[in-house]
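Examining the three-dimensional arrangement
Spelled out, the chains give:
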Amino acid sequence: MGILNVTPDSFSDGGKFSDPARAVERAHQMVEEGADIIDLGGESTRPGYTPVPLEEELRRVMPVLEMLVAEIPVPISVDTTKAEVARRALECGAHLINDQWALRADPEMAGVVARYRAPVVLMHNQKGTEYRDLMGDIVCFFRESIALAEAAGIPREKIIIDPGIGFGKTVEQNLEVLARLEELSCLGLPVLLGTSRKSVIGKTLDLPVDQRLEGTAATVALGIAAGADIVRVHDVKEMVRVARMTDAVVRRRGGAGCALSGATVSS
């Protein structure tokens, strides 16, 4: 999954692809480099971010999305927590909704996703970093959001889970989640892992955002070995190579990209 932020303030690439033409050019480049999904986002969620009003998020996302669905040959995901953005995106032809609050930020989100029969990514998130039992609490969180999804009519086979590296967790907690990623297999759902260039890498290696490629590669390889099915990355060309090599070893899939089991996302 290639990251395409059309924001002025994302932590890594803010402002680079605010122009729709540049954003679409970047999407084409990521597909050429091996991206299986493009994840389009119009609101930064970096630490300390300022929430974006609905109309501003739509203004950023929709012109780019309209071009992407016409030109890009792979599924398009829209990264949003707002039901109206999701509705407009799915109406326009988006294939997947990536919700960083797992259907909890907007009570209408689950119904919108169900109505359009779209797959959805449920990311673990919380305010603060207090846990009784880190992985146990994360699994309980997912069970609750899965129940919300199913109650709204979203089939279980259309649900993907994301442990939310960098969200509601300290550096040590992020590292622990990565070390215990296999425990999410108890839910029987595909796992998306997003570690690309994140602060857990920067703080562990004492490196700025533009020097976190190798750290990202390590987390991608370890994540796939622990069962991750999708990896969400900025550096597509390099991480596709890492994913294919890791798959060749742990999944005996020489030449194959990241596996996407369970949830089906079609273009």
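Residues numbered from 1 in each chain as written. Predicted model: local features only at pLDDT ≥ 70, side-chain atom pairs only at ≥ 80, totals over all residues. Heavy atoms only, no water.

To describe a pair of aromatic rings, one takes the distance between the centres and the angle between the planes. All chains considered together, the criterion is met by one aromatic pair. Taken together, a centroid distance of 5.9 Å and an interplanar angle of 75° make the contact between F141 and F142 edge-to-face. With respect to class, F141 is no different from F142; both count as buried. In this arrangement the basic side chain of R104 is found over the ring face of F141, its NZ or CZ atom lying 3.8 Å from the centre. (Phe/Tyr/Trp six-rings, centres within 6.5 Å; stacked < 30°, edge-to-face > 60°. Buried < 20%, exposed > 50% of the residue type's maximum accessible area, 1.4 Å probe, protein only. Lys NZ or Arg CZ within 6 Å of the ring centre and 35° of its normal.)

Covalently bonding the sulfur atom of one cysteine to the sulfur atom of another cysteine gives a disulfide. Counted under the stated rule, the structure contains zero disulfides. C186 provides the cysteine sulfur closest to C140, a residue in no disulfide bond, and the two sulfurs are 9.3 Å apart. Overall, the relative accessible area of 42% leaves C140 in the partly exposed class. (Disulfide = S-S within 2.5 Å.)

Counted under the stated rule, the structure contains 16 salt bridges. The residue E33 makes a salt bridge to R26 at a minimum N-O spacing of 4.0 Å. The partly exposed category is assigned to E33, whose relative accessible area is 22%. Judged by relative accessible area, which is 13%, R26 ranks as buried. One salt bridge connects E84 with R87, and the closest N-O pair in it is separated by 2.7 Å. Remark: R87 and E84 occur in helix α3 (residues 83–92); sequence separation between them is three residues, near one turn of the helix. Overall, the relative accessible area of 28% leaves R87 in the partly exposed class. (Salt bridge = Lys/Arg side-chain N within 4 Å of Asp/Glu carboxyl O. Helix = DSSP H or I, 4+ residues; strand = E, 2+ residues; numbered from the N terminus.)

For the rest of this paragraph, the subject is the side chain of H234. Mapped onto the elements, H234 comes out in the loop between β8 (230–231) and α9 (236–250). On the basis of relative accessible area, H234 is assigned to the buried category, the value being 5%. A distance of 2.7 Å separates the side chain of H234 from the side chain of S196, its partner in a polar contact. (Polar contact = N/O pair within 3.5 Å; in protein donor to acceptor, adjacent residues only side chain to side chain.)

Let's shift gears to the nonpolar core. Core analysis: the largest hydrophobic core is formed by 70 residues, its most contacted members being L4, I38, L65, L68, I154 and L184. Per-element accounting of this core gives the leading share, eight residues, to helix α5 (residues 134–152). Apart from residues no more than four positions distant in its own chain, L68 is found in contact with L4, V24, A27, L40 and I76. In this structure, I37, V121, L192 and I230 belong to the second largest nonpolar core, which totals seven residues. (Core = buried A, V, L, I, M, F, W, Y, C linked by side-chain atoms within 4.5 Å. Contact = heavy atoms within 4.5 Å.)

Turning our attention to the confidence of the model for the chain. The predicted coordinates of low-pLDDT regions are not to be read in fine detail. When pLDDT is averaged along the chain, the result is 92, and 90% of the positions lie at 70 or above. Throughout residues 254–264 the model reports pLDDT below 50, and contacts reaching past four residues in sequence, or to other chains, amount to 30 contacts. (pLDDT = per-residue confidence, 0-100.)

With respect to the helices, strands and loops of the structure, K198 is situated in the loop between β7 (192–193) and α7 (199–205). D162 provides the closest opposite charge to the buried, unpaired K198, separated from it by 6.1 Å. Within the structure, K198 has its side chain in polar contact with the backbone oxygen of G194 (distance 2.9 Å). (Lys, Arg positive; Asp, Glu negative; His and termini not counted.)

Before going further, it helps to spend a moment on unusual backbone geometry. One non-glycine residue with positive phi stands out, namely R197, at about 60°. Here R197 is to be found in the loop between β7 and α7. A relative accessible area of 16% means that R197 is categorised as buried. Here the phi dihedral of D206 falls at roughly 55°; this positive angle occurs in a residue that is not glycine. With respect to the element layout, D206 can be found in the loop between α7 and α8 (213–225).

This next bit is on the sheet that holds strand β2 (residues 38–41). Across the sheet, six strands lie side by side as β1-β2-β3-β4-β5-β6; this open sheet has parallel pairing. One side of each edge strand has no neighbouring strand; the edge strands of this open sheet are β1 (2–5) and β6 (159–162). Between one strand and the next, the sheet's axes are offset by a mean angle of 25°, whatever the strand orientation. In the sheet, strand β3 (residues 76–79) pairs with strand β4 (residues 96–99) via three bridges, with the strands oriented parallel. Bridge pairing in β4 links V78 to I97. Packing against the sheet, helix α1 (residues 20–32) makes contact with β1 and β2, and its axis sits at approximately 175° to β1. (Pairing = 2+ DSSP bridges. Axes fitted to C-alpha atoms, helices over the stretch in contact; angles between N-to-C directions.)

Side chains of strand β5 (residues 120–123) alternate between two faces, with V120 and L122 and V121 and M123 buried alike. Sheet topology places β4 next to β5; three bridges connect them, and they run parallel. By the bridge assignment, N98 is partnered in β5 with V121. The β-α-β motif built from β4, the intervening helix α4 (residues 109–115) and the parallel element β5 has right-handed crossover chirality. Pairing of β5 with β6 involves four bridges; the strand directions are parallel. Bridge pairing in β6 links L122 to I161. Once the chain exits β5 it traverses α5 before rejoining the sheet at β6, and the crossover so formed is right-handed. (Right-handed = clockwise from strand over helix to strand, strands pointing away.)

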